[in-house]
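Examination of the molecular architecture
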Amino acid sequence: MAGPSTATRDLHLAEPHDQVARNEHGPWFQKIALSFDGGGVRGYWSLLVLQHLMLVIREIETNQDGTTRSSFHPCEKPDNVSHLPNLLNQTSYTPFLPCHYFDYIGGTSTGALIAILLSKFRMTVEDCLREYEDMARVIFGHPRLIHRMNALMPRNKYSMKILEKAIKEVIDRRVQVRIEDDTDPLFQTEIDTCRGIVLATQLVEGRVVAKRFLFRSYTPYSEKKRKNAQATDNFLLNNPHEGIRTSLLKVALAGTAAPFYFGHYHTVLSTAQVQAAKRVQTDLSRVETEPGRRKGKLHVPEGKSSYEFQDAGFSRANNPCHELYREIQSHHGDNVPVLVSIGTARRKESFVGEGAVATIKRGFHQLGDPEEVHGLMEGEGVRGSCVYYRLNDEDGINVDMDEWKPKKVGSITITTMRTKFNEWLEKDGVEDKFKECAKHLVRLRRIRMTTPRWERFALGQYFVCQVQNCPKDRDNQWLDRVDFENHLKREHREEDYRGDLESVLNTCRRILVYRSRRPS
Ligand SMILES: [Zn+2]
């Protein structure tokens, strides 16, 4: 299929209008978010949590309706969703994708990588685990021989180059075919599908000031709210005009640049977003006069500015759940979101020792404590402003954030995390928490799947008119079936499509195309 990438990008800028028009009704009104703490290698433990959640979800889904074979249901599962061979016979395989249960998936540090894999690449948890293992093997399996955890001689323990190479390889393997022409694809998700958020820390004024910086896979404001908030220029949102339409690689590196481990990440971002936002408004007024037309033609002027980032894991934002909550609130108002927050089984520890290294470590450890945000979220839950599930082993496991034993393969570390995870599952009340959360998520999905918007959300489906004598541009796209049907009925004569609406719909229908696995 030809990759209409330029058209797709333009389409994204028209998103605020669509969101306002389409989202504030019915089962799509309440937003559902998944949040990942940062924790280095222990991100693998987080994935084990998610895998178990998806297995419980699968059980509930299939018990409710035996014909449900995947979370695409009632849509058919596309090809190449998984790159893993012969998984269908394994009990752990879950063709129930997180991107079908969550509107937002966000994370920081290695949680940022997980958020990207799940939202942008729309992967199964099993594929995610495999990619994670491969990345950890490359990154943590190659520490530099000479390094010191010392503020005076900050040679980082791992090479940013190796991190970059590992991330690049995942992008090449997993980015959807639709944007195959892009050598440097963006961290951008399709309108009305699962959105991704990466939380980083931006260092400004010679590192004196550190502020939270959100990379979003979508345009971060609604036009309605923008108009109401002209004076204050964007109310609650962090960096609403920056970090949009950024390359996926940059986002991943900014989100994972852990101090002492990889060092800070310097990069250049486009600063054209303010102008772009202003242009959307004028462009949308035109869109409104042409129902069904969703594509805006925008020229985004080039402007660039230099930025310095580090992983937000070494700050209170190490648990990004509250940032996600704020983000949803400021976009969607009072919709009582459902938030699922997954921890990394970080142990509570006190670093003993007097030296400078111990002091620095202790300082960062306290800063990165996820429990403070957890307490905050619990408070929100009690007040009824959200529904909050926290899945985390609060006692923690004895695995350092860069432990990877033995060095090349990491098999001992992986086994430790799996064993500890299974032990945690056996504890009182843990399984019940999974069940309660899974039931809730299944209930919401099964209501959503009965609406016309499900096809778009589940498959990234859109329509491109192939009928002769079409008055619209060749690259025009319709996001939902009803709009496209109306286009056919109103703007074509019946003899154009020979009266066979159904087969024309099938010919003009497109979905996100998963990249096929390369022969190894
Ligand atoms: Zn047409």
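Residues numbered from 1 in each chain as written. Predicted model: local features only at pLDDT ≥ 70, side-chain atom pairs only at ≥ 80, totals over all residues.

Counting its secondary structure elements, the chain contains 17 helices and 10 strands. When each of the 520 residues of the chain is scored for burial, the buried share is 43%. Contacts spanning at least 24 positions in sequence make up 80% of the contacts within the chain whose residues lie at least 6 apart. (Helix = DSSP H or I, 4+ residues; strand = E, 2+ residues; numbered from the N terminus. Buried ≥ 20, exposed ≤ 12 C-beta atoms within 10 Å, placed from the backbone. Contact = placed C-beta atoms within 7 Å.)

Residues given the UniProt feature "active site" (unreviewed entry) here are Ser109 and Asp311. A maximum C-alpha distance of 5.3 Å places the annotated residues, which cover 203 residues in sequence, within one compact spot. Relative to the assigned elements, Ser109 resides in the loop between β2 (104-108) and α4 (110-119). For Ser109, a count of 33 C-beta atoms within 10 Å translates into the label buried. What Ser109 contacts, discounting residues up to four positions off in sequence, is Gly38, Gly39, Gly40, Gly255, Thr256, Ala258, Asp311, Ala312, Gly313 and Asn318. (UniProt positions renumbered as here; feature names shortened; annotations may be inferred.)

Now for the packing of helix α3 (residues 43-64) against helix α14 (residues 430-448). At their nearest, the axes of α3 and α14 sit 9 Å apart, and the two run at 60° to each other. Put simply, α3 runs oblique to α14. In this structure, α3 crosses over α14, and the sense of that crossing is right-handed. Along its contact with α3, which presents His52, Leu53, Val56, Ile57, Ile60 and Glu61, the element α14 presents Phe434, Lys435, Cys437, Ala438, Lys439, Leu441 and Val442. Considered class by class, the residues forming the contact of α3 with α14 number 9 nonpolar, 1 polar and 3 charged. (Axes fitted to C-alpha atoms, helices over the stretch in contact; angles between N-to-C directions. Parallel < 35°, antiparallel > 145°, perpendicular 65-115°, else oblique. Left-handed = near helix turned anticlockwise from the far one by under 90°. Nonpolar A, V, L, I, M, F, W, Y, C, P; charged D, E, K, R; others polar.)

Attention shifts here to the environment of His331. Topologically, His331 is positioned in helix α10 (residues 321-332). Classification of His331 by C-beta neighbours within 10 Å gives buried; the count is 23.

A separate point is α14. Here α14 is 19 residues long and its end C-alpha atoms lie 28 Å apart, about the 27 Å a rise of 1.5 Å per residue gives. Turning to α14, its buried residues are Cys437, Ala438, Leu441, Val442 and Arg445. Along the long axis of α14, the arc covered by the buried residues comes to 135°, so they all point the same way. Within α14, the exposed residues directed more than 90 degrees away from the buried face are Asp432 and Glu436. (Expected span 1.5 Å × (residues − 1). Arc of directions from axis to C-beta.)

Between α10 and helix α12 (residues 371-383), whose axes approach to 9 Å, the crossing angle comes to 40°. The pairing of α10 with α12 is recorded here as oblique in orientation. Residues Cys321, His322 and Tyr325 of α10 touch α12, and the partners they reach there are Val373, Leu376, Met377 and Glu380.

Now for the confidence of the model for the chain. As a note on interpretation, predicted positions should not be read in detail where pLDDT is low. Put simply, the chain has an average pLDDT of 80, and 75% of its residues get 70 or more. Taken together, the stretch residues 1-24 has pLDDT below 50 and engages in 57 contacts with residues farther than four places along the chain or on a different chain. Here residues 272-301 is modelled with pLDDT under 50, and outside its nearest four sequence neighbours on either side it reaches 52 contacts, counting other chains as well. (pLDDT = per-residue confidence, 0-100.)

Right, let's talk about unusual backbone geometry for a bit. Residues other than glycine predominantly adopt negative phi, and peptide bonds predominantly adopt the trans conformation. The omega angle of the peptide bond from His73 to Pro74 is 5°, so this bond is cis rather than trans. Structurally, Pro74 can be placed in the loop between α3 and β2. The step from Lys405 to Pro406 runs through a cis peptide bond, and the omega angle for that step is -15°. For Pro406, the position within the fold is in the loop between β8 (387-391) and α13 (411-426). Phi is positive for Arg122, which is not a glycine, with a value near 55°. Structurally, the position occupied by Arg122 is in the loop between α4 and α5 (125-140). On the basis of neighbour counts, which here come to 25 C-beta atoms within 10 Å, the residue Arg122 falls in the buried class. Here Ala345, not a glycine, exhibits a phi torsion of approximately 50°, which is positive. For Ala345, a count of 24 C-beta atoms within 10 Å puts it in the buried group.

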